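Chain residues, written in single-letter form:
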Amino acid sequence: SHDTACAVAAVPAEDDGPQWAYLSCGTWSLLGVELETPLLSDAAREASFTNEIGLDGTVRFLKNLTGLWVLQECERVWQAKGQSFDYETLQREAASSSFDAAPLDLDEQRFLERGRMPEKIRNHCYEHGQPTPEVRGDYVRLILESLAADYHDKLSVMEDLIGQSIEVLHVVGGGARNDLLCQWTASATSCQVVAGPAEATAWGNLLI
């Protein structure tokens, strides 16, 4: 019945395949691996990883991260201003944008709070001496590249904690539909990214 546990149960990974991790990506993201026993080290606790029950006695060792929340908040502001767009349009605009700035620190408290997200992004860039986004595609590109960079950083921490290198990253949930995010995550992490299923929670629940 647990939504993330069901999503992980639907990951199409092979038991005898390369070492893999999962990234359940929606409004928020959950990055983790399946373990046979809990990992209870001080380093794991200090890095804010948790141990949760998984399918067939496994342990889901994972960390909660920011997901598409920042983009969704920007979309809400743009829609309130009367702008019309769909998901495919935003991806095309991001792909054609040449905007180049350092990734956002998505752990900052301002990005976790609702409201005025485009303004918060501009302020962050200004405060850090970075160029500020001008058009919608610039914002989307910066957000998706920041997510990919954050996934790389947290994956590296997790690899150190478990003492293994991740070769395949299974992206499930709504983020699996975002081709740019999956590609940029693959580039940032040097992992093979396998996208889908997008409806992993429903599929996992059905499979169980």
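Described in the following lines is the structure provided in the data block.

### A word on the packing of aromatic side chains
Okay, step 1: For the structure shown, the criterion picks out four aromatic pairs.
Okay, step 2: A ring pair is formed by W28 and W69, whose centres lie 5.4 Å apart and whose planes are at 20°; its orientation type is stacked. Taken together, the residues W28 in strand β2 (residues 28-35) and W69 in helix α3 (residues 69-80) connect sequence positions 41 residues apart.
Okay, step 3: Between the aromatic rings of W78 and Y139, the centroid separation amounts to 6.0 Å while the plane-to-plane angle is 65°, which identifies the pairing as edge-to-face. Here the residue W78 occupies a position in helix α3, and Y139 occupies one in helix α7 (residues 136-162), the gap between them amounting to 61 residues.
Okay, step 4: W78 gets classed as buried once you look at its relative accessible area, which sits at 5%.
Okay, step 5: Taken together, the ring pairs in this structure connect W78, F85 and Y139 into an aromatic cluster.

### A word on the pattern of salt bridges
Okay, step 1: Tallying each qualifying case throughout the model produces 12 salt bridges.
Okay, step 2: Where E73 meets R76, a salt bridge forms, and the shortest distance between an N and an O atom there is 3.0 Å. Residue E73 and its partner R76 are both found in helix α3; the two are separated by three residues, about one turn of the helix.
Okay, step 3: Of the charged contacts, one joins E73 and R114 as a salt bridge, the two residues approaching to 3.9 Å between their closest N and O atoms. Note that E73 is positioned in helix α3 and R114 in the loop between α5 (109-112) and α6 (117-127), a separation of 41 residues in sequence.
Okay, step 4: Several salt bridges converge on common partners, so that one network encompasses E73, R76 and R114.

### Focus: the nonpolar core
Within soluble globular proteins, side chains that are nonpolar generally end up buried alongside one another.
Okay, step 1: Among the nonpolar cores identified, the biggest contains 52 residues, and F61, I121, L144 and M158 are the most heavily contacted of them.
Okay, step 2: Ranked by residues supplied to this core, first place goes to α7 with 12 residues.
Okay, step 3: With residues near it in sequence (within four places) discarded, L144 still touches L68, L71, N178, L180, L181 and W184.
Okay, step 4: Counting 11 residues, the second-largest nonpolar core is a separate cluster that includes A10, V11, V168 and V172.

### Quick look at the layout of surface pockets
Okay, step 1: In this structure, the largest pocket occupies an estimated 440 Å³ of space.
Okay, step 2: As for the largest pocket, its lining consists of 19 residues, and the residues nearest its centre are D15, W20, E34, L35 and T58.
Okay, step 3: The greatest single-element share of the lining of the largest pocket, amounting to three residues, is contributed by β2.
Okay, step 4: Along the lines of polarity and charge, the residues of the lining of the largest pocket split into 10 nonpolar, four polar and five charged.

### Let's talk about the environment of S97
Okay, step 1: Counting through the fold element by element, S97 comes out in the loop between α4 (87-96) and α5.
Okay, step 2: It is 35 Å that separates the C-alpha atoms of S97 and D3, two residues lying 94 residues apart in sequence.
Okay, step 3: When neighbours within four sequence positions are excluded, S97 is seen to be in contact with G137, D138 and R141.
Okay, step 4: Polar side-chain contacts of S97 include one of 3.1 Å to the backbone nitrogen of F99.

### Quick word on the environment of L161
Okay, step 1: Topologically, L161 is positioned in helix α7.
Okay, step 2: What makes L161 buried here is its relative accessible area of 17%.
Okay, step 3: When the C-alpha atoms of L161 and R76 are compared, they prove to be 37 Å apart, with 85 residues separating the residues in sequence.
Okay, step 4: With residues near it in sequence (within four places) discarded, L161 still touches L39, A43, A44, A47, F49 and F61.

### What to know about the state of the cysteines
Okay, step 1: Tallied over the full model, the rule gives zero disulfides.
Okay, step 2: Sulfur of C125: no disulfide; nearest cysteine sulfur belongs to C74 and is 11 Å away.
Okay, step 3: Overall, C125 belongs to the buried group, its relative accessible area being 1%.
Okay, step 4: Unpaired in this structure, C182 has its nearest cysteine sulfur neighbour in C25, at a distance of 7.7 Å.

Cut-offs and rules
- Residues numbered from 1 in each chain as written.
- Predicted model: local features only at pLDDT ≥ 70, side-chain atom pairs only at ≥ 80, totals over all residues.
- Heavy atoms only, no water.
- Phe/Tyr/Trp six-rings, centres within 6.5 Å; stacked < 30°, edge-to-face > 60°.
- Helix = DSSP H or I, 4+ residues; strand = E, 2+ residues; numbered from the N terminus.
- Buried < 20%, exposed > 50% of the residue type's maximum accessible area, 1.4 Å probe, protein only.
- Salt bridge = Lys/Arg side-chain N within 4 Å of Asp/Glu carboxyl O.
- Core = buried A, V, L, I, M, F, W, Y, C linked by side-chain atoms within 4.5 Å.
- Contact = heavy atoms within 4.5 Å.
- 1 Å grid on protein atoms, 1.4 Å probe; cavity = no way out; pocket = protein on both sides within 12 Å on 5 of 7 lines; lining within 4 Å.
- Points joined across faces, edges and corners; volume = space filled by probe spheres on them.
- Nonpolar A, V, L, I, M, F, W, Y, C, P; charged D, E, K, R; others polar.
- Polar contact = N/O pair within 3.5 Å; in protein donor to acceptor, adjacent residues only side chain to side chain.
- Disulfide = S-S within 2.5 Å.

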